[in-house]
Amino acid sequence: KGELDDAPLAGEMEEEEEDEEEEEEDGDQPAPCADTLQDLLRTVRKLVSSSSSTRFALLGDSPWLALTMDAQSSSMEEQEKVPMEYSGEQLVLDLVGGEEDRCKSVPYLLSIDNADDSVEIICRSLDGIVFGRLAIFDAPSDGGDDDEEDEEDAEETNPNLESYTKSYSLGDRFFLADAIRDVLMCHRPMISDAGADRNNAKEVAEQVWSISHLFLGADSGDDSSSKGIEFGIIETLISLIVQCTPQGSGMPSSSPLNEHVYLSRVLLELTKLKPSLIPQAIVLAVSGMFEDFMPSLTTTARDNLGHWLSFHLTNTDYQWPKSYWEHWAPYAAIDQRNSRGEFVAVALWSMATLSPEGPETVARECLPAGTSLVQSVFLNHKRSNVDVSSTETDLINRIWDTSEDPDSIRQHIISDELLESYGSTIRSIDDNVDNSMSQPKVWWRTRLATRALFHPVSRENTRMISLAEKAWKKKASADGDNDMEDEHPAEDGRDETEDILADLSDAIARFKPVLLAAVARDADAYDSEATGKVDDDKLLMAGEVSILSEIGSLVSAWDSTAIFSLIECLMKNQIVSSLAVATWALCDNADESTNVSPQWWKVVSLAVNKAITDALSKVESSSTDLGGGIGMIIDDGGANDGVDSAEADVNRLDEALKAAVPILKYSLERACHLLSTTNSPKKIPIAAADLAEGMKRLSRAALFQLSSLALSPSPTLTLSNLQRGLMSIDADGEKLASACQAVECDGEQEKKLLQHVAFSVEKLF
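Residues numbered from 1 in each chain as written. Predicted model: local features only at pLDDT ≥ 70, side-chain atom pairs only at ≥ 80, totals over all residues. Heavy atoms only, no water.

A. Geometry of the overall build of the protein. Assigned secondary structure in the protein consists of 31 helices and six strands. Expressed as a percentage of its 765 residues, the buried residues of the protein come to 45%. Within the protein, residue pairs in contact and separated by at least 24 positions form 75% of the contacts whose partners lie at least 6 positions apart. Carbon and sulfur atoms provide 49% of the accessible area of the protein, an area that totals close to 40000 Å². (Helix = DSSP H or I, 4+ residues; strand = E, 2+ residues; numbered from the N terminus. Buried < 20%, exposed > 50% of the residue type's maximum accessible area, 1.4 Å probe, protein only. Contact = heavy atoms within 4.5 Å. Areas by Shrake-Rupley, 256 points an atom, 1.4 Å probe, with all protein chains shown as cover.)

Written out as structure tokens, the structure is:
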């Protein structure tokens, strides 16, 4: 749970916590936010004081009491049935007794004996073990005189919701949520050893709904025992969805309960299974989340909720109340970043990526006519209509239309003739008053070559935005219909079978010399005209960052798949380095955090993964290279097994750390610096929350990649080797935490965030 831009003040939070404690003492009403361990403690306390405090049937279910046996009788008449009773000796599991009677299995696992052959159980993360619970349908009342009227209105409009909030106690909700998690885990889809499919989302949904039969009827009234249970099911599933492993993080889910797609499919099948109950519960749940919880959700939780909503609406023909879109539209139209507006944008952007027609489908089929959401979410990201110069048009034609030889284009891009023909639009280096190598005018050749090479992305972006705008305007017109087939321009020359990312992947490899030559020529021009000594490494990195910046301006804001694929392709072809990707993701040439994307840590995680992979590949290639590029597999007959192998594993780990740690250190220090600039006396700005969340996510991702790529393949290395390796290069938890704490900050909320990040990083490493 995070406290973002429109969260309550610190004093108000303390008052709410005090109120929650009073509620726990007076009754069994759950806190607005709790985890499964807290719920377990409250439930056990309640059961100890009153065994009838829950309607969950399994607690009182004793099937062995119904077992009977024939009564012993000497007569030949029909024997009477009597209850079966156990008359043998009781089985005692003695954990601390003598060696003969002592149960050795549990002490062995728990390492009570501290023996050499004992197994040590270490839980380094509670992810997938302990889950949070959001009391979505337990919004606190205002305490006014109209409470009774509000309750009566709620009962009239939705009696099932009233039944859930009134008749399901804390114990009922705990057992319901726990049973749902057990069903999701035990009935998860899998493939058997024989290759047969076992379970599917529909069967899991049926099993989840069958839990409704495990609750006894209420004491008063003739209502069904399961009335309103759909709200408890939705509450549990959405609570799990917001805690899922983020998409695009590069890390697998720690549990099926953290798999976003799995939970989304189960909830979709529940909607089909109970169409009269589940949809209205989903609408009310999302509405409650939007109004009461959105400002307090972390970036990852907010994005998970938005991605789920887009998946659900895409698979239910975009059925959603029109009034909700109209209510959400003003939040997305605000220029200042806010959590509710970004949730709406993420949901709509995700819907656009799930449709082959992109935002046009969203504008035509999902959003109501005349809504401002199309303008604020899609059209505002349209590139300004800057006239493309004849030089750029000629370069695009030579790359994409005539397929000219790359060497010829390379000679053209570095020629003096290009400067003469294109020089009227270029500012001289002397005009760069601050002598900054990050100025766009310094890298004019690089940016020109990048725009030409990635022209298909820009063209497709313009086409899809244009179609979305036409669909929006046509739907808003009184006599317009939704058949857009006649609106597709026939003269745009687009091939329906065209795969832009595949074509660009081939083009990047082919025209790599053109981009590298442009960077080198711009760097040489800056070096010759700039005053003072120039750091060549920083200069070349600034050129690589300019390539990434230009690509970022060409790709649509909603098309995260394209930007990630292009960055990965550039790193694969060694056009940009991993450190340059991290530098671009964290806007190294800016002093404010407003331009940093909430997804920055995913980009940096991709760079860390690439750096580790390249380092390990070099180690493996050098071990089989006899010189001159000749690689051979040498069979030593196993003479050096166990010795050279251990040394090779340590060497692999060292090289992986040398490649990953500089990127991790830079990212943490840069993110802490940006966080310190978001001064706020009372509430945490959303940009600061994004940075804090990103640092923790990046740290987890880096540790996972080091463990999976450098440790897992080795039978000799453990996490202790990784920790010693981090300490040897001053990257252990204490050193990284000290770097975070060393950043000076004026804002009180930012200081708390930095301390929290430092604590998290220290514990992780």
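That covers the picture; the talk isn't over yet.
B. Up close: the packing of aromatic side chains. For the structure on display, the rule yields 15 aromatic pairs. When the ring of F137 is compared with that of Y164, the centres are 6.3 Å apart and the planes differ by 85°; the resulting orientation is edge-to-face. Within this pair, whereas F137 is found in the loop between β4 (132-134) and α4 (147-157), its partner Y164 is found in helix α5 (residues 159-167), the two being separated by 27 residues in sequence. Both residues of the pair, F137 and Y164, count as buried. Considering the side-chain rings of F290 and W328, the 4.9 Å spacing of their centres and the 25° angle between planes classify their relative orientation as stacked. Of this pair, F290 sits in helix α10 (residues 278-293) while W328 sits in helix α12 (residues 322-333), placing them 38 residues apart in sequence. Given the relative accessible area of 0%, F290 is considered buried. Assessed through its relative accessible area of 1%, W328 is described here as buried. Taken together, the aromatic side chains of F56, F137, Y164, Y168, F174, F175, F215 and F231 make up a single cluster linked through ring pairs. (Phe/Tyr/Trp six-rings, centres within 6.5 Å; stacked < 30°, edge-to-face > 60°.)

C. Focus on the state of the cysteines. In the structure shown here, the tally under the stated rule is zero disulfides. Residue C740 stays outside any disulfide, its sulfur separated by 3.5 Å from that of C672, the closest cysteine. Note on C740: relative accessible area 1%, which makes it buried. (Disulfide = S-S within 2.5 Å.)

D. Quick look at a negative patch on the surface. Taken together, the side chains of D524, D527, D535, D536 and D537 make up a negatively charged region of the molecular surface. Secondary structure elements with two or more residues in the negative patch: α22 (512-529) and α23 (536-554). Position of D535 among the secondary structure elements: in the loop between α22 and α23. (Patch = residues over 30% accessible without salt bridge, like charges linked within 9 Å, V, L, I, M, F, W, Y side chains within 5 Å. Salt bridge = Lys/Arg side-chain N within 4 Å of Asp/Glu carboxyl O. Lys, Arg positive; Asp, Glu negative; His and termini not counted. Charge placed at Lys NZ, Arg CZ, Asp CG, Glu CD.)

E. Highlighting unusual backbone geometry. The phi dihedral of N199 is positive, around 70°, even though this residue is not glycine. Mapped onto the elements of the fold, N199 is located in the loop between β6 (197-198) and α7 (201-210). Overall, the relative accessible area of 27% leaves N199 in the partly exposed class. One non-glycine residue, Q574, adopts positive backbone phi at about 60°.

F. Just helix α19 (residues 444-453), in detail. The element α19 is extensively covered by neighbouring structure, given that ten of its ten residues are classed as buried. For α19, the set of buried residues is W444, R445, T446, R447, L448, A449, T450, R451, A452 and L453.

G. Region of interest: the side chain of S163. Residue position: S163 is located in helix α5. Setting aside chain neighbours within four positions, we find S163 in contact with Y168 and K227.

H. Spotlight on the pattern of salt bridges. Counted by the stated rule, this structure contains 29 salt bridges. Here E392 makes a salt bridge to R451, at a shortest N to O gap of 3.1 Å. One end of the pair, E392, is in helix α16 (residues 390-401); the other, R451, is in helix α19, and 59 residues separate them in sequence. Accessibility assignment for this pair places E392 and R451 in one class, buried. Connected through salt bridges with shared partners, the residues R302, R337, E342 and D690 form a single ionic network.

I. Layout of the nonpolar core. Grouped together as the largest cluster of nonpolar side chains are 105 residues, with contacts concentrated most on F454, I567, L570 and W600. It is helix α27 (residues 644-676) that provides the largest number of residues to this core, a total of 13 residues. Those residues within four positions of L570 in sequence are excluded, and the remaining contacts are F454, I508, I547, L548, I551, I575 and V576. In terms of nonpolar packing, the next biggest core, distinct from the first, is built from 82 residues, V242, A281, L348 and M464 among them. (Core = buried A, V, L, I, M, F, W, Y, C linked by side-chain atoms within 4.5 Å.)

J. Quick look at the packing of helix α6 (residues 170-186) against helix α8 (residues 229-241). It is the contact of α6 with α8, at a shortest axis distance of 10 Å, that shows an interaxial angle of 60°. By the criterion of interaxial angle, the relationship of α6 to α8 is oblique. Crossing geometry of α6 relative to α8 is assigned as right-handed. Judged by residue contacts, L176, A177, I180, R181 and L184 of α6 engage I229, G232, I233, T236, L237 and L240 from α8. Within the contact of α6 with α8, the residues separate by chemical class into eight nonpolar, two polar and one charged. (Axes fitted to C-alpha atoms, helices over the stretch in contact; angles between N-to-C directions. Parallel < 35°, antiparallel > 145°, perpendicular 65-115°, else oblique. Left-handed = near helix turned anticlockwise from the far one by under 90°. Nonpolar A, V, L, I, M, F, W, Y, C, P; charged D, E, K, R; others polar.)

K. Region of interest: the environment of S421. Mapping S421 onto the fold places it in helix α18 (residues 416-422). For the pair S421 and T391, spaced 30 residues apart in sequence, the C-alpha to C-alpha distance is 7.7 Å.

L. Summary view of helix α30 (residues 733-741). Buried within α30 are the following residues: G733, L736, A737 and C740. Taken end-on, α30 shows its buried residues confined to a sector of 100°, consistent with a single buried face. (Arc of directions from axis to C-beta.)

M. How the structure looks around the environment of L240. With respect to the secondary-structure elements, L240 resides in helix α8. L240 sits in the buried class, given a relative accessible area of 1%. Note: C-alpha distance between L240 and A301 (61 residues apart in sequence) is 9.8 Å. Discounting residues that sit within four places of it in the chain, L240 has contacts with F131, R181, L184, L257 and L263.

N. Spotlight on a nonpolar patch on the surface. A contiguous nonpolar patch, built from W64, L65, L67, M69 and M84 and spanning about 550 Å² of accessible area, is present on the exposed surface. One can find M84 in the loop between β3 (81-83) and α3 (105-110). Judged by relative accessible area, M84 falls into the partly exposed class, the value being 45%.

O. Geometry of the confidence of the model for the protein. Here the protein averages 81 in pLDDT, and 79% of its residues register 70 or above. The secondary structure element of the protein with the lowest average pLDDT is helix α1 (residues 10-26), at 39, and the one with the highest is helix α9 (residues 260-273), at 96. A low-confidence stretch, residues 139-156 stays under pLDDT 50, and its non-local contacts, those more than four residues away or across chains, total eight contacts. When the criterion is pLDDT under 50, residues 479-491 qualifies, and its contacts beyond four places in sequence or with other chains add up to 17 contacts. (pLDDT = per-residue confidence, 0-100.)

P. Seen up close, the packing of α10 against helix α13 (residues 339-354). With their axes 9 Å apart at the nearest point, α10 and α13 run at an angle of 140° to one another. Taken as axis vectors, α10 and α13 run oblique relative to one another. Listed contacts from α13 to V286, F290 and E291 of α10 are R340, F343 and V344. Each residue belonging to the contact of α10 with α13 can be placed in one class, and the counts come to four nonpolar, no polar and two charged.

Q. A look at the environment of I575. Looking at the element boundaries, I575 is found in the loop between α24 (560-572) and α25 (578-585). In this structure I575 comes out as buried when scored by relative accessible area, which is 3%. Spatially, the C-alpha atoms of I575 and L516 are 6.9 Å apart, while their sequence positions differ by 59 residues. Other than its neighbours up to four places away in sequence, I575 contacts I508, K512, L515, L516, E544, I547 and L570.

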